[in-house]
Every structure is written in C-alpha cells, then in structure tokens.
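The lines below spell out each chain.
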Amino acid sequence: MTAPRNIVVLTGAGISRESGLHTFRDPDGIWQRVRIEDVATPEAFARDPARVQAFYDARRAQLRDPAVQPNAAHRALAELDRRWPGEFLLVTQNVDDLHGRAGARRLLPMHGELAKARCLRCDTVQASPPRLGDAPPCAACGAAALRPHIVWFGEMPLGMERIDAALAACDLFVSIGTSGNVYPAAGFVAEVRGRARTLELNLEPSEGTRFFDEARHGPATALVPEFVAALLEHLQADSAP
C-alpha cells in the first residue's frame, strides 16, 4: 500500500493530558467540577462576565506553568507537519498552545485559543493579556471590551470552510485523544468514511471508535510518535528510486 497524499489530523484534550492539562469529560475532568452553563456559553458571559473571565484567566495561568510543555505526541505531529510533502491540516479542539509551541504550522484551532482575546467592540483578535478579568483595553480600539477568543457552546467553530475542504481532499484521517461526542468534530470521521483511511489513536475507545477502519489504544506519547515514525518511513520507502 502506498503512503497517503493528503492528511487531516484531529486532536482533542487527551493529547495534552500527559502535559499536565485536565481533560473536560473524563470522570475527573473540568466539566465534573464546573458547569458548562456557568462558564462556557454566551449567556453565561452576559449574565456573569466576571466569573467567566476568572475561569479562563485561571486556565491561561496554568498554561504559563513551566511544567506544562509540549509532549512527545505534540512534537511528533509537528515533525509530520514539517516533513509531509502533501496537503496536511492539524485541526485541534484544544484551546491550549502546545501544538504551536511544538512547532506545528499547518494548524487550525477550531475552538479558539486561550492565548488570544477578541474585542467585542471592533472584533479584533489579539494576544491576550494575562488577566482579562482586570478589563484591559483593546490594543486596536482602546475599549475595555475583551473576551476570551474561545468558541463557546452555541457558537460556530472556527475555520469550518477550510476544514471541510481538507476533509474532502484527504485520503487519511487520524483522530487523536478525542471523546467522540463533541460535534461537529465527532462527525468528521463519517464525512470521510469509505473514501479515506481512518485511524483512531486514543487512551481508550471513544464513542465513535466503531466508525474507524482501525483503532489503537494507549498513551498518546507512545502511540503518536510510533505512528508518525512508521508513516514517514513508509513515505521514504515509496519515494526511493
């Protein structure tokens, strides 16, 4: 079998767990301790902006912890991005910056980015100050109207046209560290099923495992480097004279 040409990789919170960041839906995850309705909807922000800002300020502070660093899975995907000659898109549901810090460039954070803020007055997306709860001014218009650059429940994910185009063109779709129950990302495998090879790499079977051609289960820091190394070796073998 020849190596694929065009690849879409989807990552979720499970890939960052081994970097010390909590997942959302595990038994000890974030949504077990905080209600979605209180911190992750436009209605929550309108009702109690101070509480919402404090929640994301705390998560942003966690990203600045020196112990939170890209792990072997992030680094392997960055290497794949760097070396893959065909089309490649790394779509992440994560709002952390670990893929970017690992060196990924063909990267689309579909749920936004903790390290950025958006102005409610002029809609400018900019680097986020450490604490949005202090009502810092917008760098573009000066208004004290910054919100986290996060896609909340009930809002449209970012970059869907680019994602749809990449899915339509891919012949390999890989899902890593996702629960398989958050849409639209959970539906990506169904979009490509039957015309692209599909692979799940996850700590345990997701809710959508049955839709994949192949599923491998174990820690992302073991599975992802192993998968990337084999794919790049296969590519090199196919390109040899």
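The structure displayed is predicted, hence computed values, not measured ones.

## Quick notes on the domain arrangement of the protein chain
- In terms of domains, the protein chain is made up of domain 1 (1–20 + 69–111 + 157–240) and domain 2 (22–67 + 113–150).
- Relative placement of domain 1 and domain 2: their C-alpha centres are 26 Å apart.
- Note on domain 1 versus domain 2: buried area summed over both sides is about 1200 Å², and carbon and sulfur give 54% of it.
- The largest per-residue losses of area from domain 1 upon contact with domain 2 belong to Arg 17, Gln 69 and Val 95, which jointly make up 38% of the total buried on that side.
- Between domain 1 and domain 2 we count zero salt bridges in total.
- Taken together, the links from domain 1 to domain 2 amount to four residue pairs in polar contact (both at pLDDT 80 or more).

## Things to note about helix α4 (residues 72–83)
- The terminal C-alpha atoms of α4, which comprises 12 residues, lie 16 Å apart, in line with the 16 Å expected from a rise of 1.5 Å per residue.
- Taken together, the buried positions of α4 are occupied by Ala 73, His 74, Ala 76, Leu 77, Ala 78, Leu 80 and Asp 81.
- The N-capping residue of α4, defined by a side-chain oxygen 2.8 Å from the backbone nitrogen of Ala 73, is Asn 71.

## With respect to the sheet that holds strand β9 (residues 214–217)
- Pairing is parallel in the open sheet, where six strands are placed in the order β3-β2-β1-β7-β8-β9. The sheet is open, and its two edges are formed by β3 (107–109) and β9, each paired on a single side. Looking at each pair of strands side by side, their axes are set apart by 15° on average, direction ignored.
- Across three bridges, strand β2 (residues 88–92) lies against β3 in parallel orientation.

## Quick notes on the pattern of salt bridges
- All chains considered together, the criterion is met by 12 salt bridges.
- A salt bridge links Asp 171 to Arg 5, with the nearest nitrogen and oxygen atoms 3.3 Å apart. Of this pair, Asp 171 sits in the loop between α6 (160–169) and β7 (172–176) while Arg 5 is found in the segment before β1 (7–11), placing the two residues 166 residues apart along the sequence.
- Where Asp 38 meets Arg 51, a salt bridge forms, and the shortest distance between an N and an O atom there is 3.6 Å. Of this pair, Asp 38 sits in helix α1 (residues 36–39) while Arg 51 sits in helix α3 (residues 49–63); the two residues are 13 residues apart in sequence, bridging distant segments of the chain.
- We classify Asp 38 as buried; its relative accessible area is 15%.

## What about the nonpolar core?
- Membership of the largest hydrophobic core comes to 25 residues, with the highest contact counts inside it found for Leu 77, Trp 84 and Val 224.
- Of all the secondary structure elements, the ones that give two or more residues to this core are β1, α4, β2, β7, β8 (197–202) and α8 (220–239).
- Sequence-distant contacts of Leu 77, defined by excluding residues within four places in its chain, comprise Val 9, Thr 11, Ile 15, Phe 88, Leu 90, His 99, Ile 176, Val 224 and Val 228.

## Thoughts on the environment of Arg 83
- For Arg 83, the position within the fold is in helix α4.
- Spatially, the C-alpha atom of Arg 83 lies 24 Å from that of Glu 214, the residues being 131 residues apart in sequence.
- Other than its neighbours up to four places away in sequence, Arg 83 contacts Leu 232 and Leu 235.
- Looking at Arg 83, its side chain comes within polar contact range of the side chain of Glu 79, at 2.9 Å.

About the criteria used
Residues numbered from 1 in each chain as written. Predicted model: local features only at pLDDT ≥ 70, side-chain atom pairs only at ≥ 80, totals over all residues. Heavy atoms only, no water. Domains from an automatic or database assignment. Buried area = accessible area lost by both parts, 1.4 Å probe. Salt bridge = Lys/Arg side-chain N within 4 Å of Asp/Glu carboxyl O. Polar contact = N/O pair within 3.5 Å; in protein donor to acceptor, adjacent residues only side chain to side chain. Helix = DSSP H or I, 4+ residues; strand = E, 2+ residues; numbered from the N terminus. Expected span 1.5 Å × (residues − 1). Buried < 20%, exposed > 50% of the residue type's maximum accessible area, 1.4 Å probe, protein only. Pairing = 2+ DSSP bridges. Axes fitted to C-alpha atoms, helices over the stretch in contact; angles between N-to-C directions. Core = buried A, V, L, I, M, F, W, Y, C linked by side-chain atoms within 4.5 Å. Contact = heavy atoms within 4.5 Å.

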